[in-house]
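Architecture and fold: a report
As a plain string of letters, each chain reads:
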Amino acid sequence: MNEETSEAPAGPSTVAGLDLKPALEAVLMVVDEPATEEHLAKILERPKRQIADALRELADEYTVQGRGFELRYVAGGWRFYTRPAYAAAVERLVLDGQTARLTQAALETLAVVAYRQPVSRSRVSAVRGVNCDGVMRTLLQRGLVEEAGTEPETGAILYRTTNYFLERMGLRGLDELPELAPFLPEAEAIEAETQEGVPSFDPDAPDDEPGAVRGTPDTDDEDDQTEF
């Protein structure tokens, strides 16, 4: 009796035989963060140079074809993004109160961290002119900033932006941040007037505790208003 046979599904042993560009498209469709060329080379069992060339060719092809998406290199890896020209169509789908948003205060605080990193909370508060402990907690929870050691002189925790920040901003690295020079004089003047920083607000602190300020912390990040 003849036994029926079927073609075995593609697996680790057959990956190298797949057409490279379609294989890259399939993998990039399911990643949840930018994929590095090294990682893609390992997955598809191809030389890194071959992977890099194929990715750039795909990116160029999508641009020439005028596709609604593009392949971009951001935060050290590659990922599909919707093309900015079609942002209005995407916004109608996802911006109807369904996405997490940041307030203006949170965006301002994030900008200070991005341009001054690594930076302490007190230094950020000095630049903004208000206490920003609550806003910083929000940015930490969203994964946009992270701890980056401590300041040698004071022992204060330092903060920096994350790769997720670069990914959301569509940047390859911090060197692609817009030039800030036109705004530096005002920022420097504010900070010069508050060299000691702005103390944290602690509603439970005793009145006689040195440096304690009773009151309510900056909570303008509770009502989300500005899309990020």
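In case you missed it, the structure is sitting above this.
Let us look at the structure shown here. (Residues numbered from 1 in each chain as written. Predicted model: local features only at pLDDT ≥ 70, side-chain atom pairs only at ≥ 80, totals over all residues. Heavy atoms only, no water.)

1. Some thoughts on the sheet that holds strand 4 (residues 119-120)
This is how it is decided: By definition, two strands form a pair when at least two bridges between them are found by DSSP. Per the convention used, a helix needs a DSSP run of H or I reaching at least four residues, while a strand needs a run of E reaching at least two, with both numbered from the N terminus. Contact criterion: two residues are considered in contact whenever any of their non-hydrogen atoms come within 4.5 Å of each other. To obtain each axis, a line is fitted to C-alpha atoms, and for helices this fit is confined to the stretch in contact; angles are then taken between N-to-C directions over 0 to 180 degrees.
Strand order in the open sheet formed by 3 strands is 4-6-5, with antiparallel pairing between adjacent strands. Each end of this open sheet is capped by a strand with a single partner; those strands are strand 4 and strand 5 (145-150). In terms of strand pairing, strand 4 meets strand 6 (residues 157-161) through 2 bridges, oriented antiparallel. Within strand 6, the residue paired with Ser120 across the bridge is Leu158. Contacts between helix 7 (residues 133-141) and the sheet are confined to strand 5 and strand 6, with strand 5 contributing the most and set at about 110 degrees to the helix.

2. Regarding the packing of aromatic side chains
Our working rule: Aromatic pairing here means that ring centres of Phe, Tyr or Trp (its six-membered ring) are within 6.5 Å. Orientation follows from the plane angle: under 30 degrees is stacked, over 60 is edge-to-face, and everything else is tilted. Only protein chains enter the accessibility calculation, which uses a 1.4 Å probe; a residue is then buried when its area is under 20% of its type maximum, exposed when over 50%, and partly exposed in between.
According to the stated counting rule, one finds 4 aromatic pairs in the structure shown. Considering the side-chain rings of Tyr62 and Phe69, the 4.9 Å spacing of their centres and the 65 degrees angle between planes classify their relative orientation as edge-to-face. Tyr62 sits in the buried class, given a relative accessible area of 3%. For Phe69, a relative accessible area of 27% puts it in the partly exposed group. Aromatic ring contacts, followed pair by pair, group Tyr62, Phe69 and Phe80 into a single cluster.

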